[in-house]
Amino acid sequence: MAKIVCVLYDDPVNGYPKSYARDDIPKITKYPDGQTTPTPQAIDFVPGHLLGSVSGELGLRRYLESNGHTLVVTSDKDGKNSKLDQELPDAEIVISQPFWPAYMTAERIAKAPKLRMIVTAGIGSDHTDLQAAMDRGITVAEVTYCNSNSVAEHVVMQMLSLVRNYIPSYNWVIKGGWNIADCVERSYDIEGMHVGTVAAGRIGLRVLRLLKPFDVHLHYMDRYKLPDAVERELNLTHHTSLESLTKACDVVTLNCPLHPETEHMINDKTLKNFKRGAYLVNTARGKLCDRDAIVRALESGQLAGYAGDVWFPQPPPQDHPWRTMPHHGMTPHISGTSLSAQARYAAGTREILECYFGKKPIRNEYLIVQGGKLAGVGAHSYSAGNATSGSEEAAKFKR
């Protein structure tokens, strides 16, 4: 029987919810490209409940324990004495979420001789050293598409928040003020602006579709050109380089995976190609950006605003400069863990486990690494290598 170690974020500070703001969530059976939502044999949770925190357990305990397996759930993932490290030597499967990632470095993988599979409950597997997983023949899987639309909604929300100067305006209300001039001195309309996405996969394309009704000019950069019909439908301009895209756009959103080739793609040099006063939204991965270069660009006015919900490492230390830099709209990594999204990625995680224990093929869309090489969606989106370096900084976070 297997030991499964599941790393989840902490419960709310006032305890696990006894009630919820809504009684249900919409039932979605297919994504825009026709892929079906997760189809496990059964679920042991109520869709719309909090599943991504420790007490939620992704709804897995009854299923795993009834089949004789051991489930260990913890939020303690960083530092040499973490609960995760204590449980690794005899763990067969490690599950975590991108929002509270278990950084599966080569060192940790070496400490886990029984490890056979690493699962991301969500999308994005850069918190795993993919090269080390390939070298060991470990399967890496994620629940592709489960929260892509959730993230796209967050992107559009943060774009509008930056351009309309929403957060400072809200804060004037909280402070009891009515300071209209202070609110609008940095407020603009997004209508007519040029907006571009770096990568036009599931999230990037959804962002473009959501933005079309705002009457903006839409741009994208991707190594795979979208079909002509889609380009005509959205009146898209395709770019083959980051420089070309950023020189044309007033607002840029990053929607590409993190791997060694994309790490720090936004840096002092590439930021010089942005229009002065451009806005940048990053809900992909924090390490796509050079941390201090973003701060300098905001302080100098090269960027008018930066928003997103991804940091590196996660959680970020208390002294992370993105907490205090000017003109930002940062949130914790929440874009893909709405209660709606949690129902899908919890079901997808169970589907992956059912396939694994039933010795059935895992959906090709869910595979990142299998049989010692990139596989499935991983072969399309990732490159071999390691992007976990520096993750030990997360141990500095004080909860």
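Residues numbered from 1 in each chain as written. Predicted model: local features only at pLDDT ≥ 70, side-chain atom pairs only at ≥ 80, totals over all residues. Heavy atoms only, no water.

Asks: Would you mind going over the pattern of salt bridges with me for this structure?
Replies: If you walk through the whole model with that rule in mind, you get 23 salt bridges. Linking R61 and E65 is a salt bridge whose minimum nitrogen-to-oxygen distance equals 2.7 Å. Of the two residues, R61 and E65 are both situated in helix α1 (residues 61-66); the distance of 4 residues between them amounts to about one turn of the helix. Given a relative accessible area of 42%, E65 falls into the partly exposed group. Close ionic contact of E233 with R209 constitutes a salt bridge, the shortest N to O distance being 2.5 Å. Here R209 lies in helix α8 (residues 202-211) and E233 lies in helix α9 (residues 228-234), a separation of 24 residues in the sequence. Residue classification places R209 among the partly exposed residues on the basis of a relative accessible area of 31%. Counted as one network, the salt bridges with shared partners bring together K3, K83, E87 and D90. (Salt bridge = Lys/Arg side-chain N within 4 Å of Asp/Glu carboxyl O. Helix = DSSP H or I, 4+ residues; strand = E, 2+ residues; numbered from the N terminus. Buried < 20%, exposed > 50% of the residue type's maximum accessible area, 1.4 Å probe, protein only.)

Asks: Explanation requested: the packing of helix α5 (residues 148-163) against α8 in the structure shown.
Replies: Two numbers describe a pair of packed helices, the interaxial angle and the distance between the axes. Contact geometry of α5 with α8 gives a least axis separation of 8 Å together with a crossing angle of 50°. In terms of axis orientation, α5 runs oblique to α8. Here α5 and α8 pass one another in a crossing that is right-handed. Counting all contacts with α5, which are made through S148, N149, V151, A152, E153, V155, V156 and M159, the residues of α8 involved are R202, I203, R206, V207, L210 and L211. (Axes fitted to C-alpha atoms, helices over the stretch in contact; angles between N-to-C directions. Parallel < 35°, antiparallel > 145°, perpendicular 65-115°, else oblique. Left-handed = near helix turned anticlockwise from the far one by under 90°. Contact = heavy atoms within 4.5 Å.)

Asks: What should I look at first to understand the sheet that holds strand β9 (residues 251-254) in this one?
Replies: Strand pairing in a sheet relies on backbone hydrogen bonds. The paired strands run either parallel or antiparallel. What the 7 strands build is an open sheet, ordered β8-β7-β6-β9-β10-β11-β12; its pairing is parallel. A single partner strand is all that each edge strand has here, and the edge strands are β8 (236-239) and β12 (328-330). The sheet shows a mean angle of 15° between the axes of neighbouring strands, direction not considered. As defined by bridge partners, strand β6 (residues 194-198) adjoins β9 across 4 bridges and the pair is classed as parallel. The partner of V195 across the bridge, within β9, is V251. Here α8 sits on the sheet and contacts β6, β7 (217-221), β8 and β9; the angle it forms with β7, its principal contact strand, is near 175°. (Pairing = 2+ DSSP bridges.)

Asks: What is the right way to look at the sheet that holds strand β13 (residues 367-370) in this model?
Replies: Read across the open sheet, the 7 strands follow the order β2-β1-β3-β4-β5-β13-β14; overall the sheet is mixed. Looking at the sheet topology across the chains shown, the edges are occupied by β2 (70-74) and β14 (373-374).

Asks: What is the right way to read the environment of A394 from this model?
Replies: Looking at where A394 falls in the secondary structure, it is placed in the segment after α14 (376-381). A394 gets classed as buried once you look at its relative accessible area, which sits at 3%. When near neighbours in sequence (up to four residues on either side) are disregarded, A394 contacts K77, D78, P313, Q314 and P315.

Asks: Looking at this model, I keep getting lost on the environment of D215. Mind explaining?
Replies: The topology assignment puts D215 in the loop between α8 and β7. Sequence-wise, D215 and Q86 are 129 residues apart; in three dimensions their C-alpha atoms are separated by 54 Å. Excluding its chain neighbours within four sequence positions, the residues that come into contact with D215 are E191 and G192.

Asks: So what exactly am I meant to see when it comes to the side chain of T349 here?
Replies: Examined against the element boundaries, T349 turns out to sit in helix α13 (residues 339-357). Those residues within four positions of T349 in sequence are excluded, and the remaining contacts are L58, L60, I95, V119, A121 and V143.

Asks: What is the right way to look at the pairing of strand β11 (residues 303-308) in this model?
Replies: Side-chain positions along a regular strand alternate between the two faces of the sheet. Burial of β11 is extensive: 6 of the 6 residues sit out of reach of the surface. Traced from strand β10 (residues 278-282) through helix α12 (residues 291-300) to β11, the parallel crossover comes out right-handed. For β11 and β12, the ladder comprises 3 bridges, and the chain directions are parallel. Note on β12: the bridge partner recorded for G308 is M330. (Right-handed = clockwise from strand over helix to strand, strands pointing away.)

Asks: Would you explain the state of the cysteines in this entry?
Replies: Disulfide: a covalent bond connecting the sulfur atoms of a pair of cysteines. Within this structure, the stated rule accounts for 0 disulfides. Its sulfur unpaired, C256 is 9.0 Å from the next cysteine sulfur, which belongs to C289. Overall, C256 belongs to the buried group, its relative accessible area being 10%. (Disulfide = S-S within 2.5 Å.)

Asks: For this particular structure, what's the right way to read unusual backbone geometry?
Replies: Comment: phi is negative for the bulk of residues other than glycine, and the bulk of peptide bonds are trans. With an omega dihedral of -10°, the bond running from F312 to P313 counts as a cis peptide bond. Looking at where P313 falls in the secondary structure, it is placed in the loop between β11 and β12. Omega for the bond connecting Q314 with P315 falls within 30 degrees of zero, at 0°, which places this linkage in the cis form. Here the phi dihedral of Y145 falls at roughly 80°; this positive angle occurs in a residue that is not glycine. Following the sequence through the fold, Y145 ends up in the loop between β5 (139-142) and α5. Even without a glycine there, the phi angle at H327 is positive, about 55°. Considering the arrangement of structural elements, one finds H327 in the loop between β11 and β12. Residue classification places H327 among the partly exposed positions, given a relative accessible area of 38%.

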